[in-house]
Amino acid sequence: MSSPHINYRSLAEEAASPFLEHHPSTGQGPSKTQDAKANAAAAHLDPLGEHGLEQPLDEHDTEHEGEDTPRNSGVMIHMVPETGRARWNHIEDLDSFFSRMYQYQQKHGFTVIVVDEMLQVLEFGFVVWLLAFVMHCVRFDVLFGDTPPGGPNPNKTTLSDVMYPTGECLAHFTWVTYLVVFIAAIYLGIRLLKMVYHITQYADIRRFYNSALHIEDSDLDNFTWHEVQQRIRRVQAEQHMCIDKESLTELDIYHRVLRFKNYLVALMNKQLLPVRFHIPLYGEVVSLSRGMLFNIDFILFRGPGSPFQNNWQLRDEFAVRSNQTELAQRLSKLILGVALLNLVLAPVIFVWQLIYFSFSYANILRKEPGALGLRTWSNYGRLYLRHFNELDHELDARLNRAYDYADRYLNSFSSPLAAVIAKNLLFISGGLLLLILALGIYEEHVFQVEHLLVILAGLGAIGVVCRTLIPDENLVWCPEQLMTAILAHVHYLPSEWRQQAHTTKVRQEFSNFFQFKAGYLLSEIFSPFVTPFVLIFVFRPKAIELVRFFRTFTVSVRGVGNVCSFAQMDVRKHGNPDWQLTSELEEMTRATAQQPQQEPQQQSLAGGKTEMSLLRFTLNNPEWQMPKEAKQFLRGVREHAVGELVQAKTSMVQENPLTNSLISFGTMGADYCSIANSVLTAQVTPQQLEISQSLRPGLGPVSGGFPVAASDFRQMLQQNLSASVGPLDSMRRLRLSRAEGRLEGPTDTLLYGLCGVDPRVGSTPLNVGVADMCLSALYLHELNQQKRQARQSRIDEAEDERPGPSHWPPRPPAAPSAAAGSGSRHTVITSKAAESTPLLGSIRS
């Protein structure tokens, strides 16, 4: 076996990269080699301990946290592997390797992947054969009855009567047919070579699973991705798949699998993707088709002239600060070239997609004509709602839990005019359908009338469409409560939607996230004609902004390569102050220094994307050794929540962001209601009181409460979150390989902190992380709204104190909060029809 390719880089070459986060030297030059050897030895003794993890423990560690090569890369090191381990030493393209490993686990092993690859090739060949056969080998005059069959029985038509013989069929081929078949044969040959390549690559992955991870294909569905990931880290400690690091963290693996996806999430948040554009005579359109995503991925990451020169490294030209205009012009020409190529191939792609979607949905529509009336999450919605470092199965699980709430929300809207027209059309179509069926039952020759089946199918389709436009008479109108439940699961919704969920504008904006399947199919089918113009007139003018984005928000991580800096989830560097806990003095200083209409900081993201992503990642990967700033942020949020809970139980002021979040959390369903009630009625523990007193010195004595023991709360969680059959438990009915995070669940959560449960005692159910993330998302949104409201009040006070007339228009008075003045907050929680939820309060951004 040939030795793997090893690319050694010197320390001088690495230091020349501007994407590295440089740190001052500590003056320990002579002993660096000895220190590196000692660290390597310690990592072998404790491969998954703190010695092998990338964390800012001291100055010596932070000195090298930005490097992309080993710490002593100035010295040539040749590591002689053991015979049985040489197979997996020093893998050069770990991005592709880890991505194939993830796909291998999600697609259930080698056999399923091989069969799927072969059937995809046969699918294409079948489409080409079927088109050629229908165009040149079928006698349509005999098939339609215009010409009698030439067989012995003129009253009976056989298959041989409606098909030409093979020789006569080939004689009907024209030069266009031969050209299409020739092009299809070339494409089919490429697909065959690609299939063979994929099979050989996945065969290598199978050997890695079997020999290195000790997981057979028959047991693959019994392992979660989290367990596979932990075994990968152990293999790295033993065999050094990555030469640049002794050990890999969970974040390193996520970076390699989701490197380009993280860039797309940041580009979406920065509004640099062409998702909104105007069509003449139609208006604004919000769309992101799969074809557009493919072109963007090709232009920015995988094409021959893209900013990335390989899977893990940005081109060196981006390091030169003086050639920004030249790079933008080059990228603009690349976008123009790709757009023109799309324009030339648009008819071919359109025909192919029309045939593909027709074949895919023909059988479904035959059995369920209303399938096109169902809804699905759009590509735009999936990318907008995606966290940093969130794998596909984790995103699917989160959006699946929000599906029922989103569907009920959009179905609660109806147009009175459309409903009236639909009722009358349904009456007319139903009468015609009944008449035809009655005549057909009386005399069967009625069904032999020409085009009668087409009329019946059209009347049935009209009935299906009309029924979807008629609202349910028993529907309960609760858009605000449903929007709260949606927010708890999807985590990101515009703040302008607060208390506006009942409006048509919010409904239309949300339908861009959650669209009809028929609309999704139409946008995909006609995207070949739209994509070239969007690339030229919408995406191409943003070339200079794209170049600036890659130059500004690309960093080099040791052992990983160039990644989007936002994907590091650094709340200190990229955190949004509106989503973090700061003192009142800092708030006042920032409010007075900031103008009301000033744009957000360029280093932060909208919607709390960094903070939410960090919180979700820690819940799904509790073993991850996060940086000190991340620990402080999470600890601060949880301690602040505990302090507000103690304040609500020990003072007359019972309304705060936490109680409002718990009430909103409780309105999502019976299981959530039980958890929220248990939190609110639990007795204050000494640990909670100590945390609250540290945050608010001088807190009075604790008043009485309904004691709920920690073990009882844990038992209640296990019963509600393990035995439920609602949307919360939908993932338990799927394969274990699709589960999120660790099988035992997280140990350090907001729920346990609020109820005083020791996170180290016992085991926790898998879906505790789901419930905790829902409550945490609601709580962060409440804190964000409270900070924005307080800052706006201070700005208004400062504006009123200034001499002269005010330049700002008066704002309408805020409506009173639904929770304020309520006799009992527990009655609000247990009421499923509660409409005014505290989360969607009356304060508008």
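Residues numbered from 1 in each chain as written. Predicted model: local features only at pLDDT ≥ 70, side-chain atom pairs only at ≥ 80, totals over all residues. Heavy atoms only, no water.

The chain is annotated in an unreviewed UniProt entry as Autophagy-related protein 9 from Drosophila simulans. In its Subcellular location (unreviewed entry) section, UniProt records this for the chain: "Preautophagosomal structure membrane". Recorded in UniProt under Sequence similarities (unreviewed entry), the annotation for the chain is "Belongs to the ATG9 family." (UniProt positions renumbered as here; feature names shortened; annotations may be inferred.)

A. Local environment of the overall build of the chain. Tallying secondary structure elements over the chain gives 33 helices and six strands in all. With 845 residues in all, the chain has 45% of them scored as buried. When contacts within the chain are restricted to residue pairs at least 6 apart in sequence, those whose partners lie at least 24 apart make up 77%. Accessible area of the chain: about 42,900 Å², with a carbon and sulfur share of 59%. (Helix = DSSP H or I, 4+ residues; strand = E, 2+ residues; numbered from the N terminus. Buried < 20%, exposed > 50% of the residue type's maximum accessible area, 1.4 Å probe, protein only. Contact = heavy atoms within 4.5 Å. Areas by Shrake-Rupley, 256 points an atom, 1.4 Å probe, with all protein chains shown as cover.)

B. Structural context of the UniProt feature "transmembrane region" (unreviewed entry) in the chain. Within the UniProt annotation, "transmembrane region" (unreviewed entry) is assigned to residues 110-135, 170-190, 334-359, 417-440, 452-470 and 518-539. End-to-end, the C-alpha atoms of residues 170-190 are 25 Å apart, and along that stretch the chain is 86% helix and 0% strand. Secondary structure content for residues 452-470 is 95% helix and 0% strand, and the end C-alpha separation is 27 Å.

C. View of the environment of asparagine 89. When you line up the elements, asparagine 89 lands in the loop between α3 (59-62) and α4 (94-106). Sequence separation between asparagine 89 and glutamine 236 is 147 residues, and the spatial gap between their C-alpha atoms is 8.8 Å.

D. Quick look at the state of the cysteines. Under the criterion given, the structure shown has one disulfide. Note on cysteine connectivity: cysteine 137 is disulfide-linked to cysteine 169, with sulfurs 1.5 Å apart. Highlighted residues: cysteine 137 in the loop between α5 (110-136) and α6 (140-143) and cysteine 169 in helix α8 (residues 166-171), separated in sequence by 32 residues. Judged by its relative accessible area of 6%, cysteine 137 falls in the buried class. (Disulfide = S-S within 2.5 Å.)

E. View of helix α11 (residues 250-257). Here α11 lies mainly inside the structure; eight of its eight residues are buried. Next to the buried residues of α11 lie α4, α10 (225-239), α12 (259-269), α16 (392-411), β6 (561-564) and α25 (609-620).

F. Inspection of the pairing of strand β2 (residues 283-286) at higher detail. Pairing of strand β1 (residues 276-279) with β2 involves four bridges; the strand directions are antiparallel. Counterpart to isoleucine 279 in the pairing with β2 is glycine 283. (Pairing = 2+ DSSP bridges.)

G. Broad picture of the side chain of aspartate 570. Relative to the helices and strands, aspartate 570 resides in the loop between β6 and α23 (571-574). In terms of polar contacts, aspartate 570 uses its side chain to reach the backbone amide nitrogen of arginine 572, at 3.0 Å. Not counting residues up to four positions away in its chain, the partners in contact with aspartate 570 are Gly575 and Thr610. (Polar contact = N/O pair within 3.5 Å; in protein donor to acceptor, adjacent residues only side chain to side chain.)

H. Local environment of the packing of aromatic side chains. One pass over the full model with this rule turns up 43 aromatic pairs. Ring geometry for phenylalanine 126 against phenylalanine 359: centres 6.5 Å apart, planes inclined by 55 degrees, an arrangement best described as tilted. Here the residue phenylalanine 126 occupies a position in helix α5, and phenylalanine 359 occupies one in helix α14 (residues 324-367), the gap between them amounting to 233 residues. Ring geometry for tryptophan 497 and phenylalanine 510: centres 6.3 Å apart, planes at 75 degrees, overall edge-to-face. In this pair, tryptophan 497 is assigned in the loop between α19 (479-490) and α20 (504-513) and phenylalanine 510 in helix α20, connecting sequence segments 13 residues apart. We classify tryptophan 497 as buried; its relative accessible area is 9%. Its relative accessible area of 1% is what places phenylalanine 510 among the buried residues. An aromatic cluster is present here, built from Trp377, Tyr380, Tyr384, Tyr403, Tyr409, Phe413, Trp497, Phe510, Phe513 and Phe514 joined pairwise through their rings. It is arginine 206 that lies over the ring of phenylalanine 110; its NZ or CZ is 4.2 Å from the centre. Sitting over the ring of phenylalanine 516, arginine 375 keeps its end group 3.7 Å from the ring centre. (Phe/Tyr/Trp six-rings, centres within 6.5 Å; stacked < 30°, edge-to-face > 60°. Lys NZ or Arg CZ within 6 Å of the ring centre and 35° of its normal.)

I. Molecular detail of the packing of helix α9 (residues 175-212) against α10. Direction vectors running N to C along α9 and α10 enclose 80 degrees, while the axes themselves pass 11 Å from each other. With respect to α10, the axis of α9 lies roughly perpendicular. The residues of α10 that touch α9, namely those facing Phe208, Tyr209 and Ala212, are Trp225, Val228, Val235 and Gln239. Looking at side-chain class alone, the contact of α9 with α10 contains six nonpolar, one polar and no charged residues. (Axes fitted to C-alpha atoms, helices over the stretch in contact; angles between N-to-C directions. Parallel < 35°, antiparallel > 145°, perpendicular 65-115°, else oblique. Nonpolar A, V, L, I, M, F, W, Y, C, P; charged D, E, K, R; others polar.)

J. Molecular detail of the side chain of lysine 609. In this structure, lysine 609 sits in helix α25. Although lysine 609 is buried, it makes no salt bridge; glutamate 390 carries the closest opposite charge, 7.5 Å away. In this structure the side chain of lysine 609 is engaged in a polar contact, spanning 2.8 Å, whose partner is the backbone oxygen of arginine 386. Not counting the four nearest positions on each side in its chain, lysine 609 is found in contact with Val265, Asn269, Tyr384, Leu385, Arg386, Phe388 and Tyr492. (Lys, Arg positive; Asp, Glu negative; His and termini not counted. Salt bridge = Lys/Arg side-chain N within 4 Å of Asp/Glu carboxyl O.)

K. Representation of the confidence of the model for the chain. Mean pLDDT over the chain stands at 75; residues scoring 70 or higher make up 73%. The model gives residues 702-710 a pLDDT under 50, and that stretch makes 17 contacts with residues more than four places away or in other chains. Scored below 50 in pLDDT, residues 721-734 shows 32 contacts in the model against residues more than four places distant or in partner chains. (pLDDT = per-residue confidence, 0-100.)

L. Layout of the pairing of strand β5 (residues 554-557). Residues Thr554 and Ser556 line one face of β5 and the alternating positions Val555 and Val557 line the opposite face, and both faces are buried. Linking β5 back to β6 in an antiparallel pair, the connection comprises three residues, with glycine 559 at a positive phi of about 85 degrees.

M. Quick peek at unusual backbone geometry. At histidine 214, a position not held by glycine, the phi torsion is positive, near 60 degrees. Phi is positive for leucine 281, close to 65 degrees, though the residue is something other than glycine.

N. Examining the environment of arginine 139 more closely. Assignment of secondary structure puts arginine 139 in the loop between α5 and α6. Distance from arginine 139 to serine 160, taken between C-alpha atoms, is 9.7 Å for residues 21 residues apart in sequence. Not counting chain neighbours up to four residues away, the residues in contact with arginine 139 comprise Asp161, Val162, Met163 and Tyr164.

O. Structural context of a nonpolar patch on the surface. On the surface, Trp175, Val176, Leu179, Val180, Phe182, Ile183, Ile186 and Ile190 cluster together to form a nonpolar patch covering roughly 830 Å² of accessible area. Inspection of the secondary structure puts isoleucine 186 in helix α9. (Patch = residues over 30% accessible without salt bridge, like charges linked within 9 Å, V, L, I, M, F, W, Y side chains within 5 Å.)

P. Local environment of the pattern of salt bridges. As enumerated under the stated definition, the model contains 16 salt bridges in all. When the shortest N-O distance is used, the salt bridge between arginine 330 and glutamate 326 registers 3.6 Å. Of this pair, arginine 330 and glutamate 326 are both found in helix α14, four residues apart, which corresponds to roughly one turn of the helix. The class of glutamate 326 is partly exposed, set by a relative accessible area of 45%.

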